[in-house]
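One-letter residues, chain by chain:
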Amino acid sequence: MNANALLTRVRGQLPLLVTSVLLVSMFTVGSVQYDGFFSGQVLLNLLIDNAFLLVVAVGMTFVVLTGGIDLSVGAVVALSTMVSAWLVERHGWPPLLVIPLVLLMGTAAGWVMGWVIHTFEIQPFIVTLAGMFLARGLCYTISIESISITDPSYTAMAQTRIPLGDLFVSPSVLIALLVLAAGFVVLHYTRLGRNVYAIGGSEQSALLMGLPVGRTKTTVYAISGFCSALGGVLLTFYMLSGYGLHAVGLELDAIAAVVIGGTLLTGGSGYLLGTLLGVLVLGLIQTVISFQGTLSSWWTRIVIGGLLFVFIVLQRLITARRR
């Protein structure tokens, strides 16, 4: 590998390196400032509290890699919680039937949005914004109030702790990590993954090479819909309720995690490992503010906004130098 190729590769991984350094620095500062912060359980709690966000962010990564965006994910998460709670509590459906139905619903919604985006050549922002309003509105046709879940299967999932020596994680963490691993395999070892990167790099070039652009884009949005529905299932385990106001703003958190993790908003470059780091950074910001104790929770948004600004500027500088 010559010097120019090496420099290009390092430059492409710069956002990922910056995110890694940021995560380590924040954890180090928190460990110095606050008693009890330097703990393996604190790190595992980041995953426990954000397992549903990680799953949603994995799906968002697929979409952003193609140069698209999905604003419907938070609303689909909320709709998944509402449908689950409504069917289980109000109609007595078994969870083994409800959960696959919810996942199918989310996948179908994502596929339809992807099909509309490709077939009618409409901007993903507009189509997924419509999907967001539709899914959020459907939540309130079910109930305008929160529906608590008392089903033993859901409560068992919520209360189960998987021991790791003196530490523990929840089943949702294992599910999230399995989704992350599956997404990694798909992106880096399958034809679909190669097509995703190619479309993000240049959709016109992908068409000229004969790649199945339409099928790939609909599949990517279907994956995002599936991940959103699964994130809703995990949030249902976490909250033990369905509510139309669940996951408000989650789409922005997912986008923030993807961008902070180093995936270019223009598509074609990014890693799921970076998305994991981005989710951990967001969780660590909330944890630091919680340990601090005197700051409003709104400071979480302020810090995330500042980080997004920095990483978007960094992405711009990287893409400008490539040209």
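Basis of the calculations
Residues numbered from 1 in each chain as written. Predicted model: local features only at pLDDT ≥ 70, side-chain atom pairs only at ≥ 80, totals over all residues. Heavy atoms only, no water. Helix = DSSP H or I, 4+ residues; strand = E, 2+ residues; numbered from the N terminus. Rg over C-alpha atoms; globule rule 2.2 N^0.38 Å. Buried < 20%, exposed > 50% of the residue type's maximum accessible area, 1.4 Å probe, protein only. Contact = heavy atoms within 4.5 Å. 1 Å grid on protein atoms, 1.4 Å probe; cavity = no way out; pocket = protein on both sides within 12 Å on 5 of 7 lines; lining within 4 Å. Points joined across faces, edges and corners; volume = space filled by probe spheres on them. Nonpolar A, V, L, I, M, F, W, Y, C, P; charged D, E, K, R; others polar. Salt bridge = Lys/Arg side-chain N within 4 Å of Asp/Glu carboxyl O. Phe/Tyr/Trp six-rings, centres within 6.5 Å; stacked < 30°, edge-to-face > 60°. Expected span 1.5 Å × (residues − 1).

A tally of regular secondary structure across the protein gives 14 helices and four strands. For 323 residues, the compact-globule estimate of 2.2 N^0.38 gives 20 Å, and the protein sits close to it at 20 Å. Projected onto the principal axes, the alpha-carbon positions of the protein cover approximately 60 × 55 × 35 Å. Residues counted as buried form 50% of the 323 residues belonging to the protein.

Here Lys217 is to be found in helix α11 (residues 213-239). Leave out the neighbours within four places in its chain, and Lys217 touches Gly114, Ile117, His118, Ile199 and Glu203.

Looking now at the layout of surface pockets. Counted as a void, the largest pocket has a volume near 720 Å³. Taken together, 24 residues form the lining of the largest pocket, with Asn50, Phe52, Asp253, Gln286 and Arg301 sitting closest to its centre. Looking at which element gives the most residues to the lining of the largest pocket, the answer is helix α3 (residues 40-65), with seven residues. The residue inventory of the lining of the largest pocket, partitioned by class, reads 13 nonpolar, eight polar and three charged.

Turning to the pattern of salt bridges, a few remarks are in order. Under the counting rule described, the total for this entry stands at two salt bridges. Lys217 is paired through a salt bridge with Glu203; the nearest N and O atoms lie 3.5 Å apart. Here Lys217 is found in helix α11, whereas its partner Glu203 is found in helix α10 (residues 203-208), with 14 residues between them in sequence. Notably, a salt bridge pairs Asp253 with Arg301, separated by 2.5 Å at the nearest N-O pair. Taken together, the residues span a long stretch of sequence, with Asp253 in helix α12 (residues 250-260) and Arg301 in helix α14 (residues 298-322) at a distance of 48 residues. On the basis of relative accessible area, Asp253 is assigned to the buried category, the value being 14%. For Arg301, a relative accessible area of 40% corresponds to the partly exposed category.

With that settled, consider the packing of aromatic side chains. In total, this model carries nine aromatic pairs according to the counting rule given. Residues Tyr34 and Phe37 carry aromatic rings whose centres are separated by 6.4 Å and whose planes lie at 45 degrees to one another, so their mutual orientation is tilted. When the centroid spacing of 6.1 Å and the interplanar angle of 40 degrees are considered together, the rings of Tyr34 and Phe291 count as tilted. Here Tyr34 is found in the loop between α2 (14-33) and α3, whereas its partner Phe291 is found in helix α13 (residues 272-292), with 257 residues between them in sequence. Exposure remark for Phe291: the relative accessible area of 33% places this residue in the partly exposed category.

Negative phi is the rule for most residues except glycine; trans is the rule for most peptide bonds. Even without glycine at this site, Leu240 takes up a positive phi of about 55 degrees. Examined against the element boundaries, Leu240 turns out to sit in the loop between α11 and β4 (241-242). With a relative accessible area of 23%, Leu240 lands in the partly exposed category. One non-glycine residue, Ala247, adopts positive backbone phi at about 65 degrees. Along the polypeptide, Ala247 turns up in the loop between β4 and α12. Residue class for Ala247 comes out buried when judged on its relative accessible area of 15%.

A separate point is α13. Look at α13: 30 Å from first C-alpha to last across 21 residues, which is about the 30 Å you get at 1.5 Å a residue. Within α13, 15 of the 21 residues are buried, which leaves the element mostly enclosed by the surrounding structure. Just past α13, the residue Gly293 takes up positive phi, approximately 90 degrees.

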